Every structure is written in structure tokens, then in C-alpha cells.
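# Overview (structure and organization)
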Amino acid sequence: MFKGFKDFILRGNVVDLAVAVVIGAAFGTIVTSFTQRILQPLINAITPPESPGFGVQVVPGKESTYVDVASVISAAINFLIVAAVVYFLIVLPLNHLKERRKRGEETGPAEATDVELLTEIRDLLRAQYERAGERQP
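Note that the structure is a prediction, hence the values are computed from the model and not measured.

Cut-off values and rules
- Each chain carries its own residue numbering, running from 1 in the written order of its sequence.
- Per-residue local features are limited, in this predicted model, to residues with pLDDT of at least 70; the limit for side-chain atom pairs, both in listing and counting, is 80 or more; totals at the level of whole chains, interfaces and linings are taken over all residues.
- Side-chain measures here rest on the full set of heavy atoms in the structure, leaving out hydrogens and waters.
- In this text, helices come from DSSP runs of H or I with a minimum length of four residues, and strands from runs of E with a minimum of two, each type numbered from the N-terminal end.
- What makes two residues a contact is simply this: any of their non-hydrogen atoms within 4.5 Å.
- In the analysis that follows, any N or O atom pair within 3.5 Å is treated as a polar contact, provided that within protein one partner can donate a hydrogen and the other can accept it, and provided that, for residues neighboring in sequence, both atoms belong to side chains.
- Aromatic pairing here means that ring centres of Phe, Tyr or Trp (its six-membered ring) are within 6.5 Å. Orientation follows from the plane angle: under 30 degrees is stacked, over 60 is edge-to-face, and everything else is tilted.
- Expected span of a helix: the number of residues minus one, times 1.5 Å.
- Here the bend at a residue is taken as the angle between two axes, fitted respectively to the seven residues that end there and the seven that start there.
- Summary of the burial criterion: residues with accessible area below 20% of their type's maximum are buried, those above 50% are exposed, and those between are partly exposed, where the area comes from a 1.4 Å probe applied to protein chains only.
- Residue-level confidence of the predictor, termed pLDDT, takes values from 0 up to 100.
- UniProt positions are given in the numbering used here, feature names are shortened, and annotations may be inferred rather than shown by experiment.
- As used in this record, nonpolar core signifies buried Ala, Val, Leu, Ile, Met, Phe, Trp, Tyr and Cys residues forming a set joined through side-chain atoms within 4.5 Å.

The next subject is the overall build of the chain. Of the regular secondary structure elements, the chain holds 4 helices and 2 strands. Start at the N end of the chain and walk to the C end: the helices and strands fall as α-α-β-β-α-α. By sequence separation, contacts in the chain at least 24 residues apart represent 50% of the contacts at least 6 residues apart.

Put into C-alpha cells, the structure is as follows:
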């Protein structure tokens, strides 16, 4: 039971999907909050008191033309933090596992036999014929 689950998890597409979900859902919100609430105010602290933040007002007196450089720096730091966490918690351990498999220390996912593949093809064809209302071969 666990061997099948392990084989499923270690397939490339599942791992890629897991990385995307982790980046988008779990770490994204936490890191964004950290950069917006802690780092961005620290970046804005280096500007004069009368300035709205670390940025440039393109047209004086028109707030919609303010280019907020602090937000861009915060977003870049946000990305780097998320990328580092994903790399060290997901990519690095999986690369280590692949190296162990190359050296033969751990077995990889079980490969399907020819008979299993042919059986699967037969079952898929049978299901197609049934959906189309045709007679089974």
C-alpha cells in the first residue's frame, strides 16, 4: 500500500504540481505578509519624513503617478525567500534521493510490465466502445 503511494508521489508531474501548490498557497501568503509588514516599512524608513515612501512621484500633486520602489524591492525579496524555501525543503531532498537511486542505494518506482500496459490499453478500448454504444470486440 505505501510502496504504491511512494511510487505515485515520486513521479515527476506530481512533484512539480506539489512545488507549485506549496509556492502559491502556503509560503506565498506568509512571506508576502512578512515583506509588506516588516521589510517594506524598513525600506521606507530611509526616505525623508515628508516622503510617502521609497519611490518617485512622476507628476507632483498627482498621487496616481507615484512609483513605489519599496513594493518592487519587497516583491523581489518575497520571491527569493519563497524560492529558497522550496529549493531547500523540496528540490534538494529530491535531488539527494535521485543520487541515491543512481548509486543503487534505493529502488525507484516500479515500472509497468508489457502485460500490464496491454491490459490497460484493452480496458481503455473496451470503455471507449461501451461509451460509444458499439459492440465490444
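The next thing to look at is the side chain of Thr 65. Within the fold, Thr 65 resides in the loop between strand E1 (55-57) and strand E2 (66-68). Here Lys 62 takes part through its backbone oxygen, which lies 2.7 Å from a polar atom of the side chain of Thr 65. Not counting residues up to four positions away in its chain, the partners in contact with Thr 65 are Val 56, Gln 57, Val 58 and Val 59.

Attention now moves to the packing of aromatic side chains. Evaluation of the coordinates by the stated rule reveals 1 aromatic pair. Each ring, one from Tyr 87 and one from Phe 88, has its centre 5.1 Å from the other, and the planes form 80°; the classification is edge-to-face.

Positionally, Gln 40 belongs in helix H2 (residues 12-44). Here Asp 68 takes part through its side chain, which lies 3.4 Å from a polar atom of the side chain of Gln 40.

Turning our eyes to something else, we now look at helix H3 (residues 69-103). Across its 35 residues, H3 extends 49 Å between first and last C-alpha, which sits within 8% of the 51 Å expected from 1.5 Å per residue. Of all bends in H3, the biggest is about 40°, found at Tyr 87. Of the positions making up H3, those classed as buried are Ala 70, Ser 74, Asn 78, Val 82, Val 86, Ile 90 and Leu 97. Positive backbone phi, at 85°, marks Gly 104, one or two positions downstream of H3.

Attention now goes to the confidence of the model for the chain. Summary statistics for the chain give a mean pLDDT of 78 and a share of 85% for residues scoring 70 or more. Of all secondary-structure elements in the chain, the lowest mean pLDDT belongs to helix H1 (residues 2-9), at 69, while helix H4 (residues 114-132) reaches the highest, 86.

UniProt feature "transmembrane region" (unreviewed entry): in the numbering of this structure it lies at residues 12-34 and 69-94. When the span residues 69-94 is considered, its composition is 100% helix and 0% strand, and the gap between its end C-alpha atoms is 36 Å.

A separate point is the nonpolar core. Listed in full, the 5 residues of the largest apolar core are Val 19, Val 31, Val 82, Val 86 and Ile 90. Counting only elements with at least two residues in this core, the list comes to H2 and H3. It is H3 that contributes the most residues to this core, 3 residues altogether. Residues contacting Ile 90, with those up to four places away along its chain left out, are Val 19, Val 22 and Val 85.

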